[in-house]
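Chains, contacts and geometry: an overview
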Amino acid sequence: MSSSPPPTENPPPTPLTFVIRDVEGRGRGLFSRAPISRGDLIHEAPCLLVPKSSYDSHAKHTVLEHYLFNCKDGDRLLALGYGSIFNHSDPPNVDYRLDKVGMVIRYFAGRDVKIGEELCIYYGANLWFEEVGGSRSKVEEESESSDDENFLSRIQD
Ligand SMILES: C[S@@+](CC[C@H](N)C(=O)[O-])C[C@H]1O[C@@H](n2cnc3c(N)ncnc32)[C@H](O)[C@@H]1O
């Protein structure tokens with residue numbers, strides 16, 4: 001007699017459409033392993049909440065600072081899964097949305113992506129590292145406003 005599978009609350013995970021590769025000068029990055037259409041959900045990263053007080057007293061000025069996404073209220077989200085591996089480019093081919101209540105960050109294709117392209121988000125105008133492989137000129141970068149912080153997120157919750 002066959003028994004039915006146990007009930008689950010979550011749907012089975014969607015197969016990943018990307019792989020991790022090392023990129024000269026940029027560390028690890030995510031690369032598409034299949035064509036991705038504009039608007040497709042690429043990844044849903046579960047997050048850890050880092051309250052502003054913990055950030056100020058412990059995480060600030062550590063390596064974590066390079067991986068934290070800003071929420072409007074000063075709290076931060078640390079993306080688990082592959083969410084912390086998206087490198088920066090301007091323009092990016094991946095958009096993301098913070099869902100602080102659901103404690104996830106969702107990453108969507110901002111345009112059609114070909115197989116083998118690196119998947120990148122936009123960190124903001126004020127980078128804390130020397131950009132490698134960027135396509136924008138120094139003049140363009142310097143003419144940007146510089147009133148945002150040195151963190152990943154300009155798209156906040
Ligand atoms: C959120 S992590 C991205 C994943 C990182 N490459 C790794 O291997 O852990 C952010 C860091 O990646 C590097 N990075 C991201 N985009 C870059 C780019 N366009 N040029 C150079 N380094 C980049 C910087 O060192 C930055 O602090």
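Residues numbered from 1 in each chain as written. Predicted model: local features only at pLDDT ≥ 70, side-chain atom pairs only at ≥ 80, totals over all residues. Heavy atoms only, no water.

Per an unreviewed UniProt entry, the chain goes by the name SET domain-containing protein and belongs to Triparma columacea.

As for its placement among the helices and strands, V101 is situated in the loop between β7 (94-99) and β8 (104-109). Distance in space between the C-alpha atoms of V101 and L49 is 9.9 Å, their sequence separation being 52 residues. (Helix = DSSP H or I, 4+ residues; strand = E, 2+ residues; numbered from the N terminus.)

Turning to the site of the ligand, a few remarks are in order. The ligand sits among 17 residues. The nearest are R26, R28, Y67, N87 and V132. Separating an oxygen atom of the ligand from a side-chain N or O atom of Y67 is a distance of 2.5 Å. The side chain of N87 places a nitrogen or oxygen atom 2.8 Å from a nitrogen atom of the ligand. Those elements giving two or more residues to the shell around the ligand turn out to be β2 (27-32) and β6 (87-88). Taken together, the residues of the shell around the ligand break down into seven nonpolar, six polar and four charged. (Near = heavy atom within 4 Å. Polar contact = N/O pair within 3.5 Å; in protein donor to acceptor, adjacent residues only side chain to side chain. Nonpolar A, V, L, I, M, F, W, Y, C, P; charged D, E, K, R; others polar.)

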